[in-house]
Amino acid sequence: MDTATVAARLEEAREADQRARSLICDEVSAAFLAAGTVPSFDVRTADPVDDPYFLCADRYWRRRFQDRPTARTAVACARWMSDHVRKGSWGEVAERWALGNGFLDRADTESDERTAEAMGEAAAGPGGERVAYFVALYHAGKLRANFRFDDLYAFLTHSPSAGAVGSLRAEPVYVALQAFAAFGSRALTVAHASNLLERAWSAPDRTRQTLDICLHGIAFAAPFEGQGELLRRHAEEAVRAWPDDHVFHARLAAGHHLCGRHDAALESIDTALSLLATGPTADLTGLRDQYLTRRESIQEGRLRALRDADQQRRWSEQTAANARLERTLHTSSTRTVEVVAIFTAAIAFAIGSLQITLTGELPLSDRLWLLTAQGAGLATFALLIVGGTWLITRNQDHGGDEEER
């Protein structure tokens, strides 16, 4: 297929709908592979939806990586990019192809030694630092996809391969990968991981891939205090920057879920599913199942929270009813003691006054004084009993009220 035919086909794809565009790009990339040649056109954007030149080159290199998922293929791809990818788009294209193909080729992870050997050879040629950077991202993409946190951190930080990357180690996506590894590692602190996260997140030239890796790192970190709030806060910022990105909505759902905000989590995961359905067909393969699983776990958490809240309400109502019953029984017992004290004093007064009235030889005035003294004594006794009981129960009632409050 000559250059003019390729250009005509890709311009035709530009005007076609998404499905037809994808088929044309597949056909053109397959023709390059069949002829044993590389694409001769230039890639000017990193648009995976509307730019047929990016799509065609992406399909071509994806098949090359599938045939030979090695660092040497990554070197060949990086060198082709040096000649055919526009400078302003090179970084984003490199991130998409290196990390994306690293994820797809995760089952074929090479040793660090073979990767370092390929990177060393690449670094010696023209544009060696960029080539080494691309190979490093490709290998890091495999380690990230396999959740080999400690291996990934060592590769990015201490290995000879890291030295070949040179000044590009300061790129936001490279720092984000270090943060991802640090969050997942049990050997590194959360403070160190958070510091790397903020360096990558606050970079003025951060890319969509940078934010995705940062959120991925928080979501899959070893559990730590404040994890849910950290994920929710950063995912909300990512959603504001890329409102049509289903991955960011799914990360936001995870953050809400960790914070116990189940209704907000359900809304976010439903948005992610809706956006996924309108995206490229390739995205539907595994992500839809992941999102549906997440949705089920959110619903289960929501139902569990509702049951717990209902149970807590029942316990609170039962506790309040028990407290009221206890106060009623306590008050009844107190009143009984008071009535018994008064009744006993009345009986004692009646019996005593009867004896004085019927059996005494004292004059009437003396008997009246005796009756008055006896009545006053018994009344005082009854008042002491009632007053003491009231004072004791008053202190207990106030203590119970304080506990209930």
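As recorded in an unreviewed UniProt entry, the chain goes by Tetratricopeptide repeat protein and comes from Streptomyces hintoniae.

Asker: Where do I start with the overall build of the chain in this structure?
Answerer: Helix and strand counts for the chain come out as 17 helices and 0 strands. Per-residue burial over the chain gives 40% buried out of 405 residues. For the chain, long-range pairs separated by at least 24 residues make up 66% of all intrachain contacts whose partners lie at least 6 apart in sequence. For the chain, the accessible surface area stands at approximately 21,700 Å², while carbon and sulfur atoms represent 55% of it.

Asker: Where do I start with the nonpolar core in this structure?
Answerer: One recurring pattern in soluble globular proteins: nonpolar side chains tend to sit buried together. Counting 83 residues, the largest nonpolar core has Phe-41, Met-81, Trp-97 and Phe-134 as its most contacted members. Once residues within four sequence positions are removed from consideration, Met-81 is found in contact with Trp-90, Val-93, Ala-94, Trp-97 and Phe-134. Counting 11 residues, the second-largest nonpolar core is a separate cluster that includes Ala-265, Leu-266, Ala-272 and Leu-273.

Asker: Got a minute to help me understand the side chain of Thr-207 in this structure?
Answerer: Structurally, the position occupied by Thr-207 is in the loop between α11 (190-201) and α12 (208-219). At 2.6 Å, the side chain of Thr-207 and the side chain of Glu-95 are in polar contact.

Asker: Help me out: how do you make sense of unusual backbone geometry in this one?
Answerer: Apart from glycine, the bulk of residues carry a negative phi angle, and the bulk of peptide bonds sit in the trans form. Here Phe-147, not a glycine, exhibits a phi torsion of approximately 55°, which is positive. Secondary-structure assignment places Phe-147 in the loop between α7 (128-145) and α8 (149-157). Overall, Phe-147 belongs to the partly exposed group, its relative accessible area being 36%.

Asker: I would appreciate a short explanation of the pattern of salt bridges in the present structure.
Answerer: Side chains that differ in sign of charge can pair as their charged atoms come close. Counted by the stated rule, this structure contains 18 salt bridges. A salt bridge links Glu-12 to Arg-9; its shortest N-O distance comes to 3.3 Å. In this pair, Glu-12 and Arg-9 both sit in helix α1 (residues 3-15), 3 residues apart, roughly one turn of the helix. Overall, the relative accessible area of 43% leaves Glu-12 in the partly exposed class. On the basis of relative accessible area, Arg-9 is assigned to the partly exposed category, the value being 21%. As a salt-bridge pair, Arg-63 and Asp-26 come within 4.0 Å of each other at their nearest N and O atoms. Taken together, the residues Arg-63 in helix α3 (residues 52-67) and Asp-26 in helix α2 (residues 18-35) connect sequence positions 37 residues apart. For Arg-63, a relative accessible area of 26% translates into the label partly exposed.

About the cut-offs
Residues numbered from 1 in each chain as written. Predicted model: local features only at pLDDT ≥ 70, side-chain atom pairs only at ≥ 80, totals over all residues. Heavy atoms only, no water. Helix = DSSP H or I, 4+ residues; strand = E, 2+ residues; numbered from the N terminus. Buried < 20%, exposed > 50% of the residue type's maximum accessible area, 1.4 Å probe, protein only. Contact = heavy atoms within 4.5 Å. Areas by Shrake-Rupley, 256 points an atom, 1.4 Å probe, with all protein chains shown as cover. Core = buried A, V, L, I, M, F, W, Y, C linked by side-chain atoms within 4.5 Å. Polar contact = N/O pair within 3.5 Å; in protein donor to acceptor, adjacent residues only side chain to side chain. Salt bridge = Lys/Arg side-chain N within 4 Å of Asp/Glu carboxyl O.

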